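Coordinates in review
One-letter residues, chain by chain:
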Amino acid sequence: MESMDFQPTDQQFDERVIEIARVAKVVKGGRRFQFRVTIVIGDNHGKIGIGIGKANAVPDAMRKATERAHKNIRQITLTNTTIPHEVVGRTAGAVVLLKPASAGTGVIAGGGVRAVLEAAGVHDILTKSLGSANVLNVVKATFDALEQLKSPEVEAAHRGKNVKDLLPYWERRKNNG
């Protein structure tokens, strides 16, 4: 008999297609076209992965991207529904600023940044994309920013402070009355 608690990996993760681009390689006889697909997967609880696949047909590129995204899953640090602190991510010419927001703010982000944050499980955040508008670089910069996040407990121990001293100002104000 088969075990009923096994779940396929496709049902555990929220899968989002960020971009489908037709790319060309110039060769002696002209141009060779392929499709590049960028996919982000996440479990909505702090695990995210990015995958890029390239093939002659879109379905093949999507399959490759999904496989690479599953191999590239990372755990990020979240604090309730937001991130623990402000962070800046950079990739090539793209710069992405992520700021924590109070509960109920929502995801204030556009395009690829929004897809990455929602797949990661962030519900309240403020973002700003600076520099390049290249979707692939902006998504990679968002991943760079999320990988820089540190747990408040680990950072408080590193600084020799209390965790309450590192809380965002609205949390300290709420706790003090």
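Note: the structure precedes this text.
A brief report on the enclosed structure follows.

Cut-offs and rules
- Residues numbered from 1 in each chain as written.
- Predicted model: local features only at pLDDT ≥ 70, side-chain atom pairs only at ≥ 80, totals over all residues.
- Heavy atoms only, no water.
- Pairing = 2+ DSSP bridges.
- Helix = DSSP H or I, 4+ residues; strand = E, 2+ residues; numbered from the N terminus.
- Right-handed = clockwise from strand over helix to strand, strands pointing away.
- Contact = heavy atoms within 4.5 Å.
- Axes fitted to C-alpha atoms, helices over the stretch in contact; angles between N-to-C directions.
- Buried < 20%, exposed > 50% of the residue type's maximum accessible area, 1.4 Å probe, protein only.
- Polar contact = N/O pair within 3.5 Å; in protein donor to acceptor, adjacent residues only side chain to side chain.
- Salt bridge = Lys/Arg side-chain N within 4 Å of Asp/Glu carboxyl O.

1. Focus: the pairing of strand 8 (residues 125-131)
Looking along a regular strand, one sees side chains alternate from face to face of the sheet. Sheet analysis places strand 6 (residues 94-100) next to strand 8, joined by seven bridges and oriented antiparallel. Bridge pairing in strand 8 places Ala94 opposite Gly131. Examined bridge by bridge, strand 7 (residues 107-108) and strand 8 share two bridges and lie parallel to one another. Bridged to Ile108 within strand 8 is Leu126. Each parallel crossover has a hand, and the one from strand 7 via helix 3 (residues 111-120) to strand 8 is left-handed.

2. Side note on the sheet that holds strand 2 (residues 30-42)
On the basis of which strands lie adjacent, the open sheet formed by four strands has the order 1-2-3-4 and antiparallel pairing. In this open sheet, the two edge strands, each paired with only one partner strand, are strand 1 (14-27) and strand 4 (74-75). Here strand 3 (residues 47-55) runs beside strand 4; their pairing, made up of two bridges, is antiparallel. Paired with Lys47 across the bridge in strand 4 is Gln75. Each of strand 1, strand 2 and strand 3 is contacted by helix 2 (residues 58-71), which is oriented at about 145 degrees to strand 3, the strand it contacts most.

3. A word on the side chain of Asp124
Considering the arrangement of structural elements, one finds Asp124 in the loop between helix 3 and strand 8. Here Asp124 falls in the buried class, since its relative accessible area comes to 5%. There is a polar contact of 3.0 Å between the side chain of Asp124 and the backbone nitrogen of Gly106. In this structure, Asp124 is in contact with Thr81, Thr82, Ala101, Ser102, Ala103, Gly104, Thr105 and Gly106, ignoring residues within four places of it in sequence.

4. Concerning the pattern of salt bridges
With the rule as written, the count across this model stands at six salt bridges. In this structure, Arg63 engages Glu67 in a salt bridge whose closest nitrogen and oxygen atoms are separated by 3.5 Å. Taken together, the residues span about one helical turn, with Arg63 and Glu67 both in helix 2 at a distance of four residues. Note on Arg63: relative accessible area 43%, which makes it partly exposed. For Glu67, a relative accessible area of 41% puts it in the partly exposed group. The partner of Arg74 in a salt bridge is Glu147, with the nearest N and O atoms 2.4 Å apart. On the criterion of sequence distance, the pair formed by Arg74 in strand 4 and Glu147 in helix 4 (residues 135-147) is long-range, its members being 73 residues apart. Judged by its relative accessible area of 39%, Arg74 is partly exposed. Through salt bridges with shared partners, a single ionic network connects Asp14, Arg16, Arg114 and Glu118.

5. As for the sheet that holds strand 8
With mixed pairing, the four strands of this open sheet are ordered in space as 5-6-8-7. Each edge of the open sheet is held by one strand with a lone partner, namely strand 5 (87-91) and strand 7. Sitting on the sheet, helix 4 is in contact with strand 5, strand 6 and strand 8, with an inclination near 135 degrees to strand 5.

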